[in-house]
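# Chains, contacts and geometry: an overview
What follows is each chain in one-letter form.
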Amino acid sequence: SREWSVEGAAERAKCFAPLLDMLQRFCPPAASKRVLVPGCGLGRLPAEILGLGYSCQGNEFSYQMLLMTEFMLNELTSSQPEDQLTIH
């Protein structure tokens, strides 16, 4: 998926950077800050937000996305999932 691949880095930067910049500007990270990400897809945006020091929860309606997110976040052994998968 573009969300977790090296090939998707440029697209993620365009989409995620403005959101993350505004979040940090208007709501500086702290353990008490909680962020909800509706329609989180494969969970990359919540993972990025967690990496900034916030408490974050993703919300997704699609069962297929939930299954894949669970795989990406809990089953892969590397901290860099893009290092383990090949996109065909």
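In the block above lies the structure referred to throughout.
Quick caveat, the model's predicted, so the values are computed rather than measured. Note on numbering: residues in each chain are counted from 1, in written sequence order. Confidence filtering applies because this is a predicted model: local features only for residues at pLDDT of at least 70, side-chain atom pairs given and counted only at 80 or more, and all residues used for totals across whole chains, interfaces and linings. Working from all heavy atoms in the structure, the side-chain values ignore hydrogens and water.

## Looking at the overall build of the protein
In this text, helices come from DSSP runs of H or I with a minimum length of four residues, and strands from runs of E with a minimum of two, each type numbered from the N-terminal end. Within the protein one finds three helices and two strands. Along the protein, from the amino end to the carboxyl end, the secondary structure elements read α-β-α-β-α. Type-normalised accessible area, obtained with a 1.4 Å probe on protein chains alone, sets the label of each residue: buried when under 20%, exposed when over 50%, and partly exposed for intermediate values. Per-residue burial over the protein gives 28% buried out of 88 residues. As displayed, the protein has an accessible area near 6200 Å², and 58% of this comes from carbon and sulfur atoms. Values of accessible area rely on a 1.4 Å probe in the Shrake-Rupley scheme; residue burial ignores everything except the protein chains shown.

## Focus: the environment of K33
By the element assignment, K33 lies in the loop between α1 (9-26) and β1 (34-38). Residue classification places K33 among the partly exposed residues on the basis of a relative accessible area of 30%. On a C-alpha basis, the gap between K33 and G53 in space is 8.7 Å, while along the polypeptide they are 20 residues apart. Any two residues whose heavy atoms approach within 4.5 Å at even a single point are treated as in contact. Apart from residues no more than four positions distant in its own chain, K33 is found in contact with C27, P28, Y54 and S55.

## What about the side chain of R12?
Considering the arrangement of structural elements, one finds R12 in helix α1. At 2.8 Å, the side chain of R12 and the backbone oxygen of S5 are in polar contact. Setting aside chain neighbours within four positions, we find R12 in contact with R2, E3, W4, S5, A17 and R44. Between N or O atoms, a polar contact is any pair within 3.5 Å; within protein, one atom must be a potential hydrogen donor and the other a potential acceptor, and residues adjacent in sequence are included only when both atoms are from side chains.

## Quick look at the environment of L73
Looking at the secondary structure, you find L73 in helix α3 (residues 63-75). A C-alpha to C-alpha distance of 8.9 Å links L73 and L42, two positions 31 residues apart in sequence.

## A closer look at the pairing of strand β2 (residues 55-59)
For two strands to be treated as a pair, DSSP must find no fewer than two bridges joining them. Pairing between β1 and β2: five bridges, direction parallel. Pairing of L36 across the sheet is with Q57, part of β2. In this region the chain leaves β1, passes through helix α2 (residues 44-51) and returns to the parallel neighbour β2; the handedness of that crossover is right-handed. Throughout, right-handed denotes a crossover for which the path from the first strand over the helix to the second runs clockwise when the strands point away from the viewer.

## Re the nonpolar core
Within the largest apolar cluster, 10 residues are counted, these being F16, L20, L23, V35, V37, C40, L45, I49, Y54 and C56. Put simply, the parts of the chain that give this core at least two residues each are α1, β1 and α2. At three residues, α1 tops the list of elements feeding residues into this core. With residues up to four places along the chain from it excluded, the contact list for Y54 reads L23, Q24, C27, P28, P29, A30, K33, V35 and I49. Here, the term nonpolar core denotes a set of buried Ala, Val, Leu, Ile, Met, Phe, Trp, Tyr and Cys residues that are joined through side-chain atoms within 4.5 Å.

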